[in-house]
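# Fold and contact review
The lines below spell out each chain.
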Amino acid sequence: MADHARSDNPDVQFQLDRLARLSPGSDILGLSRISELLERLGHPEHHLPPVFHVAGTNGKGSTCAFLRAALQAAGLSVHAYTSPHLVRFNERIRIADKLVDDETLAGLLKEVLDIGEDVGASFFEVTTTAAFLAFSRNPADACVIEVGLGGKLDATNVITNPIVCGIAQLGVDHQAFLGDNAEDIAAEKAGIAKETVPLVTQTYEPSIAAQIKKIADEKKAVWLPRGSIWEWTVYQNELHYRDKAGRLHLPLPRLNGSHQNENAALAVAMLRHQKVIQIPEAAYKAAMGWAFWPARLQHVSDGRLVSQLPVGAELWIDGCHNPAAAPSTAAFFQEHVEKEKKPFHLIMGMLSNKDAEGVLQFFGSTQARFYAVPVPSHPYHSPEYLVSIAQKNGMSGRIAASPEEALRLIAREASPDYPPIIAIVGSLYLAGSVLKANETPPE
């Protein structure tokens, strides 16, 4: 199945099966195929509401969530295209703030496939085209578009006139497509830059910043890195943001983890450095509490799986799957466990193309009891391999057939006086399977 996407709706599933047969079956970068699809459909990408375009290795989805929240708090309607989905493919496409319904989704996929059977477009290229088609036909005040993979050759980069572009945290991931070093990856991400359009970014190491500056200069974009004309800090439980237009004193984000301060500030900077849409200060403040992005240090407080845990136990899920994301995730749990003084259990499954050693090295100090599980319907690191790495990093390790089995083992062995803190990490696909089993899919 292309991108392992499935649907309970037979009409949607028929089109997904059809897409799986027609697509090359793997990610391929380049703009020629999606450009051909869009041309045959009358160039819907030229008829979108004002576009906010976001790239990055980690944090781009959360940045999009903050953008959406601020725009909505200002009373505006927003189209959004993000990836991957966790449970339902529909999560990728929001039309004027609502997930695309099955009937509309099936029709969009059919229309794109009918007109482009001979193009050989990938799963992501077809679904991106479907999203742009939907956005061009429905009114909204803004459009938030998350880059899928890379930037320069990502299917979303057919957008020629965004009102602002942003780049979140950068690190090494998807090496097979983007290169083996951070500088090459940075150059690829910076490829979303457009002439005269603000390119708002975080602060990076000098060699990475040099690559972004080089691409921005070539594209004649207006590069605005943090520390040049915008900055933020946390002071007395407030996020203090400032730029040339003034200061904002904002509540800390509802999303867990100190790294979300960075993503929130990037979204604020993107909004403040475009000139098309005006956002009142009250909307920025509301966005800090409104923004939610599932499977990012998400505390799952109810549901079928949670009900089977001991009273007082906590279940958390996070999609952490690369060494750039691991330090903040591990630090969050170490601090939380030390504060709560409860035993910590770490359940992990990871795709076979991810750097498991690079991720697990940051969790050794948590002294977790480790459980390795497979990732359903995907190529994954063997649980035996993950356990061996966990043990090298000072954690006790064991294998479970699934997250549900791991949770049963933890519940069976837990002391009623010390209910556990449980984190399921390593893959957004794994997180999605847990949310589905818990009967709490994203809305």
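Residue positions are counted from 1 within each chain, in the order its sequence is given. In keeping with the model being predicted, local features are shown solely for residues with a pLDDT of at least 70 and side-chain atom pairs are shown and tallied solely at 80 or more, while totals for entire chains, interfaces and linings include all residues. Excluded from the side-chain calculations are hydrogens and water; all other atoms, namely the structure's heavy atoms, are used.

### Here we look at the packing of aromatic side chains
- Pairing of aromatic rings covers Phe, Tyr and Trp, the last through its six-membered ring, and needs centres within 6.5 Å; plane angles under 30 degrees mean stacked, over 60 mean edge-to-face, and all others mean tilted. Evaluated as defined, the whole model comprises 8 aromatic pairs.
- With a centroid separation of 6.2 Å and 25 degrees between ring planes, the pair formed by W230 and Y241 is classed as stacked. Of the two residues, W230 is situated in strand β9 (residues 230-235) and Y241 in strand β10 (residues 238-243); the sequence distance between them amounts to 11 residues.
- Through a chain of ring-to-ring contacts, the aromatic side chains of W316, F332, F333 and F344 assemble into a single cluster. By definition, any uninterrupted DSSP run of H or I lasting at least four residues is a helix, any uninterrupted run of E lasting at least two residues is a strand, and each is numbered from the N terminus.

### Describing helix α3 (residues 60-73)
- Expected helix span is computed as 1.5 Å times (number of residues minus one). The terminal C-alpha atoms of α3, which comprises 14 residues, lie 20 Å apart, in line with the 20 Å expected from a rise of 1.5 Å per residue.
- Three labels apply to residues, based on accessible area from a 1.4 Å probe with only protein chains included: buried if under 20% of the type maximum, exposed if over 50%, partly exposed otherwise in between. Summarising burial for α3: 12 of the 14 residues are buried, a large majority.
- Taken as a whole, α3 has its buried residues at K60, G61, S62, T63, C64, A65, F66, L67, R68, A69, A70 and L71.
- We call two residues in contact whenever any of their non-hydrogen atoms come within 4.5 Å of each other. In this structure, the buried side of α3 is in contact with β1 (51-55), β2 (78-81), β3 (93-95), β5 (142-146), α9 (259-272) and α10 (281-290).

### Here we look at the sheet that holds β9
- One requirement defines pairing of two strands: DSSP has to find at least two bridges between them. Pairing is antiparallel across the open sheet formed by 3 strands, whose spatial order is β9-β10-β11. A single partner strand is all that each edge strand has here, and the edge strands are β9 and β11 (246-251). For this sheet, the mean angle separating the axes of adjacent strands, direction not counted, is 20 degrees. In this analysis, axes come from line fits to C-alpha atoms, helices being fitted only over the stretch in contact, and the angle between any two N-to-C directions falls in the range 0 to 180 degrees.

### A word on the nonpolar core
- In terms of nonpolar packing, the biggest core is built from 41 residues, with F52 and L71 touching the most fellow members.
- For this core, the element with the highest residue contribution is α9, accounting for 8 residues.
- Contacts of F52, omitting those with residues within four sequence positions, involve L67, L71, A142, C143, V144, I145, I163, V164, M270, L271, Q274 and I277.
- Throughout, nonpolar core names a set of buried Ala, Val, Leu, Ile, Met, Phe, Trp, Tyr and Cys residues whose side chains join them through atoms within 4.5 Å. Counting 37 residues, the second largest nonpolar core, distinct from the first, contains I34, L113, A121 and A134.

Interpretation note: all reported values are geometric properties and have no functional meaning in isolation.
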